[in-house]
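# Tertiary structure, described
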Amino acid sequence: MDRAQKAELVDELGQVFASSGVVVVARYTGMTVAQMQALRAKMREVGGAVRVAKNTLAKIALGGTPPEKMGSLLAGMTVLAYSEDPVAAAKVCEAFAKTNDKFVILGGAMGTEVLDPAGVKAVASMPSREELIAQIVSIIGAPASSLAGAIGAPGANIAGILKTLEEREAA
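Description of the structure in this document. (Residues numbered from 1 in each chain as written. Predicted model: local features only at pLDDT ≥ 70, side-chain atom pairs only at ≥ 80, totals over all residues. Heavy atoms only, no water.)

Bringing the packing of aromatic side chains into the picture now. This model, assessed by the stated rule, comprises one aromatic pair. Ring centres of Phe96 and Phe103 lie 5.2 Å apart, and the angle between their planes is 85 degrees; on these two criteria the pair is classed as edge-to-face. Side by side, Phe96 and Phe103 carry an identical accessibility label, which is buried. (Phe/Tyr/Trp six-rings, centres within 6.5 Å; stacked < 30°, edge-to-face > 60°. Buried < 20%, exposed > 50% of the residue type's maximum accessible area, 1.4 Å probe, protein only.)

Let us now look at the sheet that holds strand S1 (residues 22–27). Remark on secondary structure: sheet strands pair via backbone hydrogen bonds, oriented parallel or antiparallel. An order of S2-S3-S1-S4-S5 is seen for the five strands of this open sheet, with the pairing classed as antiparallel. Unpaired on one side and paired on the other, strand S2 (48–51) and strand S5 (113–115) mark the two borders of the sheet. Averaged over all pairs of adjacent strands, the angle between strand axes in this sheet comes to 15 degrees, irrespective of strand direction. With six bridges connecting them, S1 and strand S3 (residues 78–83) associate as antiparallel partners. Across the sheet, residue Arg27 finds its bridge partner in S3, namely Thr78. (Pairing = 2+ DSSP bridges. Helix = DSSP H or I, 4+ residues; strand = E, 2+ residues; numbered from the N terminus. Axes fitted to C-alpha atoms, helices over the stretch in contact; angles between N-to-C directions.)

Right, let's get into the side chain of Asn55. Here Asn55 lies in helix H3 (residues 55–62). According to the relative accessible area criterion, Asn55 is buried, its value standing at 16%. At 2.8 Å, the side chain of Asn55 and the backbone oxygen of Gly76 are in polar contact. With sequence-adjacent residues up to four places away left out, Asn55 is seen in contact with Leu74, Ala75, Gly76 and Thr78. (Polar contact = N/O pair within 3.5 Å; in protein donor to acceptor, adjacent residues only side chain to side chain. Contact = heavy atoms within 4.5 Å.)

A grouping of Ile158, Ile161, Leu162 and Leu165 is seen on the molecular surface, where their side chains present a nonpolar patch of about 380 Å² in accessible area. Mapped onto the elements of the fold, Ile158 is located in helix H6 (residues 129–170). (Patch = residues over 30% accessible without salt bridge, like charges linked within 9 Å, V, L, I, M, F, W, Y side chains within 5 Å. Areas by Shrake-Rupley, 256 points an atom, 1.4 Å probe, with all protein chains shown as cover. Salt bridge = Lys/Arg side-chain N within 4 Å of Asp/Glu carboxyl O.)

What follows concerns helix H1 (residues 3–19). For H1, which comprises 17 residues, the first-to-last C-alpha distance of 24 Å matches the rise-based estimate of 24 Å (1.5 Å per residue) to within 8%. Contacts from the buried residues of H1 go to S1, S2, H3 and S3. (Expected span 1.5 Å × (residues − 1).)

A separate point is the pairing of S3. Note on strand geometry: in a regular strand, side chains alternate between the two faces of the sheet. Most of S3 is tucked away, with six of its six residues classed as buried. Neither face of S3 is exposed, since Thr78, Leu80 and Tyr82 on one face and Val79, Ala81 and Ser83 on the opposite face are all buried. Relative to S3, S2 runs antiparallel, the two being bridged by four bridges. Residue Gly48 lies in a different strand from S3, and its bridge partner there is Ser83.

What follows deals with the packing of H1 against H3. Interaxial distance between H1 and H3 falls to 8 Å at its minimum, and their mutual angle equals 55 degrees. As judged from the angle between their axes, H1 and H3 are oblique. The crossing of H1 and H3 is right-handed. Touching Lys6, Leu9, Val10, Leu13, Gly14 and Phe17 of H1 are Leu57, Ala58, Ile60, Ala61 and Leu62, all from H3. For the contact of H1 with H3, the per-class residue count stands at nine nonpolar, one polar and one charged. (Parallel < 35°, antiparallel > 145°, perpendicular 65-115°, else oblique. Left-handed = near helix turned anticlockwise from the far one by under 90°. Nonpolar A, V, L, I, M, F, W, Y, C, P; charged D, E, K, R; others polar.)

The structure is reproduced here in structure tokens:
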């Protein structure tokens, strides 16, 4: 890798660190190529990505970005998993770590906050962006549906009374 390629990689990693909602750092010693491809596929499904980069280049890229303090996690064979959704990458990494003992989460970063493994687990347990939007929509829609039910109830009551009167006259 020549100097220009290294500079390009540092720029790319700098953009990843600056724009990602969450970055998870994990150790992947002993994983097979098939296992790494499975992790990459799962991460792509949620709109994230997995990147293996030299730790020295990643530390240079961290300079001046919000998760700059995360540099201490970059030691040994590490992989970076990231996504724009602040929860997606953490959820995928946590689920993958449960099924693969060679994939060990070291920590990560969410904005300017550096996370330890427990912090990554806490982020993974949070609802995703889509789940939060669905909850907000249901909360907003609940009063409207209650109001519609309240408005329609008297009409339904009158219809029930009229039906009862009609049945009496018919009998």
